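Below are the chains, spelled out letter by letter.
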Number of protein chains: 2
Amino acid sequence: MITAHEVQLVTRPDGAPRTTDFRVAEVRVPDPGPGQVLVRNTWLSIDPYIRLMLNDSKSAVFPPFALNGPIDGAAVGEVVAGDAVPVGATVTHFRGWREYSVLDAGDVRVLDVDGVPPQAHLSVFGTTGLTAYAVLTDVTPVRPGDTVFISAAAGAVGSVAGQLARKLGAARVIGSAGGPAKVRTLVEDLGYDVGIDYRADDLARALADAAPDGLDLYVDHVGGDQLDAALTVLKPRGRVALVGAITGYNEATPTLSTRNLFAAVEKELTLRGMQVTSYFDRLPEYVELASPWLRDGSFRVPETVLEGIHAVPEAFVGVLGGANTGKMLVRL
Amino acid sequence: MITAHEVQLVTRPDGAPRTTDFRVAEVRVPDPGPGQVLVRNTWLSIDPYIRLMLNDSKSAVFPPFALNGPIDGAAVGEVVAGDAVPVGATVTHFRGWREYSVLDAGDVRVLDVDGVPPQAHLSVFGTTGLTAYAVLTDVTPVRPGDTVFISAAAGAVGSVAGQLARKLGAARVIGSAGGPAKVRTLVEDLGYDVGIDYRADDLARALADAAPDGLDLYVDHVGGDQLDAALTVLKPRGRVALVGAITGYNEATPTLSTRNLFAAVEKELTLRGMQVTSYFDRLPEYVELASPWLRDGSFRVPETVLEGIHAVPEAFVGVLGGANTGKMLVRL
C-alpha cells in the first residue's frame, strides 16, 4: 500500500468551473489484487468532455462523477506492480487524474511506444486523433478536392483534423481559433491554408472570403455563431460533423444551438453527430496509417503541458477557456 | 387571344402575408405559338414554399417573384389549344395561380388520370407525395419496426407521410397537429397511432409518453419547439429529415432553429435536409407503388378545397396559418 494524490470533485460547478471546485487529496492506493495492475501515471489527458460529467445529469453517455470522489480521465503510465501485465510496460487507461491507478488488466491497453512519445497515445494516437479520423473517414468523409472548415482548429482534435483532412485529399483547409497567436499557428505550424480569428472577424464574411466557392465540409466543435456562419457558406449537399459544443458545456444542460438550419433544407445538407467511443475498433488502422507521418515529421502534434498533479484543476479550467494549443496534458 | 384572371404579387409581405398583398387581375392570354400549348387550369396547388419567393431574396432555390407579375405554382389543367400536345389531354405544370397558362410543350407533363382524380397529381402523386416518399426511402429511410414522429402531420406532406411510413414498415407512427379536430383526424382518418396537439400539450412529455422507447425517425416540417422536443426523445443513431420550416417562413430570412443540437452529438444523430426537386426522377416508381393503395382505398388523401381564382389569396394565407387538413387546393 502506498500513499499518493488524486483529483477529486468538491462542488458541482455552476457555469464555468473554478480550480476550487476540485481538491487534490492524498489517498491510500491499495495493492493490486489477482488479475490487477498498479500503474504509475506519467501523463494525464485533460479534456473538455469531463465538464459534462461534473453535472448531476441523467446522461447515459456522460454519467456524473460522485462528489468527493476521483475524476476518471484518460492517462498513460507505467506498470509498477501486479501479475497480469509485465512490470515496466507502458499502458493507457481511463482511470487517470491521479498519480497511481489500480486497474483490472482488461481495463488497460499496452502501448507500442517505439518511435512515438508515450503521451502521443493521449493525443494524436488517442481518442483525440481517432475523433478526427472517424469524422473524416466515416461520419462525414472528406473527398478529394474538398474545401473544409474546422472550428477550434488549434485545439486537440482540430490540430489533428486539419492536417489529416489534407492528407486525405482536401484541397483547402480553413480553421478558426481565438486570437492572433493561435491563428498564426494554424497557418505556420498546422498546415491550414487560412486562419480565421472568431473573436475579431465578421465570421460569415471571413468564411465566404476564405471559401469563395463554398464549403464542402464543416467540422464543428463549438456550435452557435460558427455553426450559423458555416451553414450559410456550405455548398449544396454539404456536410457537417457535430463533434462537440465546447461553448455550451458550462450550461446546466449542455447547449448546441443554431438559427440557420433552414440552410440545411434549402441546400440538402447533412449534419451528423458522433461519439468517439463508437470508433475504438478503428484505432489500429488509424495508428497504422498515421505512424509513418508522425515518424517523418509531416504530422505536427502540438501540446500544452502543465507539470504535476496539483496543476490538473488549472489545466482543466484552461482547456475550457481555450488556453491550450493542441492537446492539453499534465505530466507527472 | 382570350381574357382571363391571374394572381399577381402587389406588395412583398412583411411577416405573415395578407390577402391584400395579392391582386386577382384580368389579363390577355396570348395564343400558343409553335410548340406551345394553351392550358385551361382546373386545379391550383397552394403551397407554403411560395411564401419564400415573395421576399426580395437572393436565394437560388427560391428566387423571388416580380412585383406586379404572376405567381407560379403547380397546377393541373386541360389542353385547349396548340399543336404540341393533344387537345383534351390532362396535364400538370408549374405556371399556375392563373386561369389559363401558355406553356412550351416541354414544360407540361401529360397525366394518366385513369382511376385517380386529376388533382391527386398535385397532392399524393405530386411534389407533396413525392416529398414523403423521398424522405422515407432516401433522405432518412424508414426501417421495419421504426417509431416515427411527423410534425404538421395533418398537412399536405404529413397526411401522406404517416400512411406511407406504415406501408413501408414503421411499427408506430406519431403525428402532431394544431387543435383537437386535427388531432382526431390524425388517428381516425390518417392512420396515426397517436396524435399530439402541439398547441396544448407539453410537447417533450407527450412525445416521450407516445414513444416510451424513443424515436427512430423524425420528419420535421416546423423546427423550433417540435424539433427541440424530438431531438430529446430520439434514440441513439436516430434520424431527422429536415423538410420544411413553416413556422419560420414569414421571417425576412426564413428561420429554422434549435437549441438541442447537442443531442445530435451525444446520440450520434443524423439530420438531413431535402428538396423535392432533386427527386423528380423517382416520381414514376412512387406512383407505381402507391397507385394500388389509392385504388383500393387504403391510402387516404384529405383535401381542403376553395373555389375559384379569387379564393387563391385566402387559400394561401390559410395554408400558412394551418387552415388546411391535407392538401390545400383551389378548384377553378
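Worth saying up front: this structure is predicted, and the values here are computed from it rather than measured. (Residues numbered from 1 in each chain as written. Chains lettered and ligands numbered in written order. Predicted model: local features only at pLDDT ≥ 70, side-chain atom pairs only at ≥ 80, totals over all residues. Heavy atoms only, no water.)

Caption draft 1: Region of interest: the pairing of strand E8 (residues 147–150) of chain A. All names here are of chain A. Here E8 shows two buried faces, one formed by Thr147 and Phe149 and the other by Val148 and Ile150. This β-α-β element, E8 to helix H2 (residues 156–167) to strand E9 (residues 172–177), shows right-handed connectivity. In this structure, E8 lies alongside strand E11 (residues 215–220), joined through 3 bridges in parallel fashion. When the sheet's bridge partners are listed, Phe149 is paired in E11 with Tyr218. (Buried < 20%, exposed > 50% of the residue type's maximum accessible area, 1.4 Å probe, protein only. Helix = DSSP H or I, 4+ residues; strand = E, 2+ residues; numbered from the N terminus. Right-handed = clockwise from strand over helix to strand, strands pointing away. Pairing = 2+ DSSP bridges.)

Caption draft 2: Here's a closer look at the environment of B:Gly308. Residues and elements named next belong to chain B. Structurally, Gly308 can be placed in the loop between strand E14 (303–307) and helix H8 (312–321). When the C-alpha positions of Gly308 and Leu44 are compared, they lie 9.6 Å apart, and in sequence the two are 264 residues distant. Beyond its immediate stretch of four places on either side in the chain, Gly308 contacts Val330, Arg331 and Leu332. (Contact = heavy atoms within 4.5 Å.)

Caption draft 3: Local environment of helix H1 (residues 127–139) of chain A. All names here are of chain A. Taking 1.5 Å as the rise per residue, H1 with 13 residues should run 18 Å; its terminal C-alpha atoms sit only 15 Å apart, a clear shortfall. The buried count for H1 comes to 10 of 13 residues, which makes it a mostly enclosed element. Considered for burial, the residues of H1 that qualify are Thr128, Gly129, Leu130, Thr131, Ala132, Tyr133, Ala134, Val135, Leu136 and Val139. (Expected span 1.5 Å × (residues − 1).)

Caption draft 4: Quick peek at unusual backbone geometry. Here the phi dihedral of A:Asn68 falls at roughly 65°; this positive angle occurs in a residue that is not glycine. Note on placement: A:Asn68 falls in the loop between strand E3 (36–45) and strand E4 (75–82). Taking the relative accessible area as the measure of exposure, A:Asn68 reaches 44% and is therefore partly exposed. Although it is not a glycine, B:Trp97 adopts a positive phi angle of roughly 60°. Structurally, B:Trp97 can be placed in the loop between strand E5 (90–93) and strand E6 (100–104).

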